[in-house]
Amino acid sequence: MFNEKEKKEVRKEKMNGKNLAHWEVKEKDFPKAGTIEKELTFLLRYALLAPSGHNTQPWNFSIRGNKISVYVDLARNLPVVDHDNREMYISAGCALANLLIAAEHFHFGYKLDFFPEGKEDELVAVAEFFAEELEQSEFPENLFASITQRHTNRNEYETRTINEESLQKLKECADEEGIRLDLIKEPQVKSEVAELIARGDVIQMNNKAFRRELASWIRHNWTKSGDGMPCYAFGIPGAISFLGPFFIKSFNMSKSQSEKDRRFADQTPVLGILSSAKDDKLSCVKTGILFEKIALTATKIGIQYAFLNQPIEVPELRQELKSLLKLEELPQLLFRLGYAKLRRHTPRRPIQEVLVQ
Ligand SMILES: Cc1cc2nc3c(=O)[nH]c(=O)nc-3n(C[C@H](O)[C@H](O)[C@H](O)COP(=O)(O)O)c2cc1C
């Protein structure tokens, strides 16, 4: 897929620590005169900018002619926080959404086949691309430019409310069959959810295996790694970041973490929750697609988001959250929405690491 010159460039990029260069992808570099494989490879540059649990980027892609296969990479699982690989399939859904948004932007039509080799398979979807555009887009308008802007923002949010017009735009994203979006504004409900989040923090942080796993994906702020989360994404500055993984692994910071997250959830203007009728892999992928629509729409209208998934990741709290919100469906993702100063992007792996034969 890559010629020698291209491979050398990527190697050089890795050596120089240009793991953030992936965010600089330019529309004008689309290889108009290239083969279909070159064009599809270019689209993948947008797919790999998607969010993923602990920035594991648990996906692989293969290109055959006019088809892209999207796989989860089971070697990149998070056995403690994501014991059933639910968030891994959600992450793959986010990457698939970016891929399709980019495809539509460059005037491709496509046909999607989910789990063609079985409902539990690593092969999440095969997308077949055509020169004829779709009659109707599968995505809200003009999300393409937000792909390179989106980031998870763990800053403290302003207390100002989100107006109805903006909330309506977020609600309109929720058109995936079987997946439901609730936006919670009522202070009493937010505070009850905040309590569950704080309890989730305590359960997770008390678990050494959870802290070890988290620490193994935390990086210092000058990391050359293409995956994981630099400390700056958590507001940890400068040289202290070298101690980040050690502190997380060695000390139980459940008190400060739970107090902070409770405050974040209490004070955020809106909590968003995605739930699905079924808890199977396809529902996870569709949750990921819908989440990415919401994240990109929010980015487009200047709204920030950050996850507070703790009460979904801890099985006993997931049921409590479901009952508290009187949901028929199963909670899949919980996040706060609001206004805040922007944060920096996190690293990504080079494309040839995720492109398999
Ligand atoms: C399915 C999923 C679950 C996530 N869970 C959490 C979480 O519980 N807490 C958190 O702070 N971030 C969470 N994240 C955000 C990731 O850490 C983030 O996407 C990743 O570090 C890449 O950074 P970026 O989103 O800024 O590109 C999650 C992301 C996804 C897709």
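By the naming in an unreviewed UniProt entry, the protein goes by Nitroreductase domain-containing protein and is assigned to Candidatus Methanophaga sp. ANME-1 ERB7.

Asks: Looking at this model, I keep getting lost on the overall build of the protein. Mind explaining?
Replies: Of regular secondary structure, the protein possesses 12 helices and 10 strands. On C-alpha atoms alone, the protein measures out to a radius of gyration of 20 Å, which is about the 21 Å that the 2.2 N^0.38 rule sets for 357 residues. Taken along the three principal axes of its C-alpha coordinates, the protein extends 55 × 45 × 40 Å. Each of the 357 residues in the protein was classed as buried or not, and the buried ones make up 54%. For the protein, long-range pairs separated by at least 24 residues make up 77% of all intrachain contacts whose partners lie at least 6 apart in sequence. A total of about 16400 Å² of accessible surface is found on the protein, and carbon and sulfur atoms cover 51% of it. The positive charge centre, built from 51 side chains, and the negative charge centre, built from 52, are 8 Å apart in the protein.

Asks: What's the story with empty space enclosed by the protein in this structure? I'm lost.
Replies: Left-over empty space is what a probe sized like a water molecule reveals as it rolls over the atoms. Scanning all chains against the criterion turns up two cavities of 30 Å³ or more. Approximately 40 Å³ is the volume attributed to the second largest cavity. Lining the second largest cavity are Gly-53, Thr-56, Pro-58, Arg-76, Asn-77, Leu-78, Asp-82, Glu-87, Met-88 and Ser-91. In terms of residue class, the lining of the second largest cavity is built from three nonpolar, four polar and three charged.

Asks: Sorry, what's going on with the side chain of Asn-85 here?
Replies: Mapped onto the fold, Asn-85 is located in the loop between strand 2 (67–72) and helix 3 (86–105). If sequence neighbours within four positions are ignored, Asn-85 has contacts with Leu-74 and Asn-77.

Asks: So what exactly am I meant to see when it comes to the sheet that holds strand 8 (residues 270–276) here?
Replies: Think of a sheet as strands paired side by side through backbone hydrogen bonds, with each pair either parallel or antiparallel. Spatial ordering of the open sheet is given by 5-8-10-9, a layout of four strands whose pairing is antiparallel. Each of the sheet's edge strands pairs with one partner strand only, and the pair in question is strand 5 (179–184) and strand 9 (304–307). Within this sheet the neighbouring strands show an average axis-to-axis angle of 25°, counted without direction. Against the sheet, helix 4 (residues 164–171) makes contact with strand 5, strand 8 and strand 10 (330–338), and its axis sits at roughly 160° relative to strand 5, the strand it touches most.

Asks: Whenever I open this one, the packing of helix 2 (residues 36–47) against helix 3 confuses me. Can you help?
Replies: The relative placement of two packed helices comes down to the angle between their axes together with the axis-to-axis distance. Two elements in contact, helix 2 and helix 3, have axes whose closest approach is 7 Å; the angle formed by their N-to-C orientations is 130°. Comparing the axis directions of helix 2 and helix 3 gives the class oblique. Crossing of helix 2 over helix 3 shows right-handed handedness. For the pair helix 2 and helix 3, contact is made by Leu-43, Leu-44, Tyr-46 and Ala-47 and by Ala-95, Asn-98, Leu-99, Ala-102 and Ala-103, respectively. By residue class, the composition of the contact of helix 2 with helix 3 is eight nonpolar, one polar and no charged.

Asks: Looking at this structure, I do not really get the site of the ligand. What am I missing?
Replies: The full set close to the ligand counts 20 residues, and Arg-150, Thr-152, Arg-154, Asn-309 and Arg-348 are the nearest of them. Measuring from an oxygen atom of the ligand, one finds a side-chain N or O atom of Glu-313 at 3.4 Å. Residue Thr-346 places a side-chain N or O atom 3.0 Å away from an oxygen atom belonging to the ligand. Tallying contributions element by element places helix 3 first for the shell around the ligand, with three residues. Looking at the shell around the ligand, its residues break down into six nonpolar, nine polar and five charged. Split by domain, the shell around the ligand shows at least three residues from each of two domains, domain 1 (4–151 + 346–354) and domain 2 (164–206 + 252–338).

Asks: For this particular structure, what's the right way to read the pairing of strand 1 (residues 59–64)?
Replies: Working note: regular strand, side chains alternate between the two faces of the sheet. With respect to burial, strand 1 is a largely interior element, five of its six residues being buried. Sheet analysis places strand 1 next to strand 2, joined by six bridges and oriented antiparallel. Looking at strand 2, one finds that Ser-62 is bridged to Ser-69. In textbook terms, the turn of a hairpin is the stretch between consecutive antiparallel strands, and for strand 1 and strand 2 this stretch comprises two residues, one of which, Gly-65, has a positive phi near 55°.

Asks: What exactly am I supposed to notice about the side chain of Glu-292 here?
Replies: Among the secondary structure elements, Glu-292 is positioned in helix 9 (residues 281–300). Taking the relative accessible area as the measure of exposure, Glu-292 reaches 0% and is therefore buried. In this structure Glu-292 touches Ala-50, Pro-51, Cys-94, Ala-97, Asn-98 and Arg-150, once residues within four positions along its chain are discounted.

Asks: Is there a simple way to explain the pattern of salt bridges in this structure?
Replies: Close approach of charged atoms allows side chains with opposite charge to pair. Tallied over the entire structure, the rule returns 22 salt bridges. In this structure, Arg-76 and Asp-73 form a salt bridge, with 3.8 Å as the shortest nitrogen-oxygen distance. Grouping residues by exposure puts Arg-76 and Asp-73 together as buried. When the shortest N-O distance is used, the salt bridge between Lys-255 and Glu-259 registers 3.1 Å. Taken together, the positions of Lys-255 and Glu-259, both in helix 8 (residues 254–267) and four residues apart, correspond to about one turn of that helix. Residue Lys-255 is classed as exposed on the basis of its relative accessible area of 59%. Linked through salt bridges whose partners overlap, the residues forming this network are Asp-73, Arg-76, Arg-219 and Asp-227.

Asks: Whenever I open this one, the environment of Ala-127 confuses me. Can you help?
Replies: Along the chain, the position of Ala-127 falls in strand 4 (residues 123–130). It is 29 Å that separates the C-alpha atoms of Ala-127 and Gly-272, two residues lying 145 residues apart in sequence. Apart from the residues within four sequence positions on either side, Ala-127 is in contact with Asn-66, Lys-67, Ile-68, Leu-100, Lys-111 and Leu-112.

Calculation rules
Per-chain numbering applies: the sequence of each chain, read as written, is numbered from 1 onward. Only residues with pLDDT of 70 or above have their local features reported here, since the model is predicted, and side-chain atom pairs are shown and tallied only from 80 upward, although totals for entire chains, interfaces and linings are computed over all residues. To obtain the side-chain values, all non-hydrogen atoms of the structure were included, while hydrogens and water were left out. Working definition: helices are DSSP H or I runs of at least four residues, strands are E runs of at least two. Numbering for both runs from the N terminus. The size measure is the radius of gyration over C-alpha atoms, and the globule rule it meets is 2.2 Å times the number of residues to the 0.38 power. Working definition: with a 1.4 Å probe on protein chains only, accessible area under 20% of the residue-type maximum means buried, over 50% means exposed, and in between means partly exposed. Two residues qualify as a contact provided that any one of their heavy atoms is within 4.5 Å of a heavy atom in the partner residue. The Shrake-Rupley method, run with a 1.4 Å probe, gives the accessible areas here. Residue values count only the displayed protein chains as cover. Two residue types count as positive, namely Lys and Arg, and two as negative, namely Asp and Glu; His and chain ends fall outside the count. By convention, the charge on Lys lies at NZ, on Arg at CZ, on Asp at CG and on Glu at CD. Cavities and pockets were defined on a 1 Å grid built from protein atoms only: a cavity is a group of points that admits a 1.4 Å probe but offers it no way out, a pocket is an open group of points flanked by protein on both sides within 12 Å along at least five of seven lines, and a lining residue is one with an atom within 4 Å of any such point. Grid points are joined across faces, edges and corners, and a volume is the space filled by probe spheres set on the points. Residue polarity is assigned by list, with Asp, Glu, Lys and Arg as charged and Ala, Val, Leu, Ile, Met, Phe, Trp, Tyr, Cys and Pro as nonpolar; anything else, Gly included, falls into the polar class. Here a strand pair is declared whenever DSSP counts at least two bridges between the two strands. Angular values range over 0 to 180 degrees, each being the angle between N-to-C directions of two axes fitted as lines to C-alpha atoms, with helices fitted over their stretch in contact. Between 65 and 115 degrees an angle is taken as roughly perpendicular, under 35 as roughly parallel, over 145 as roughly antiparallel, and anywhere else as oblique. Crossing handedness: left-handed means the near helix sits turned counterclockwise from the far one by under a right angle, and right-handed means the same turn made clockwise. It suffices for a single heavy atom of a residue to lie within 4 Å of a molecule or strand for the residue to be listed as near it. Counting of polar contacts relies on pairs of N or O atoms within 3.5 Å, with two restrictions inside protein: one atom must be capable of donating a hydrogen and the other of accepting it, and residues adjacent in sequence are counted only when both atoms are side-chain atoms. Domain delimitation in this document rests on an assignment produced automatically or drawn from a domain database. When a carboxyl oxygen of Asp or Glu lies within 4 Å of a side-chain nitrogen of Lys or Arg, that pair is called a salt bridge.

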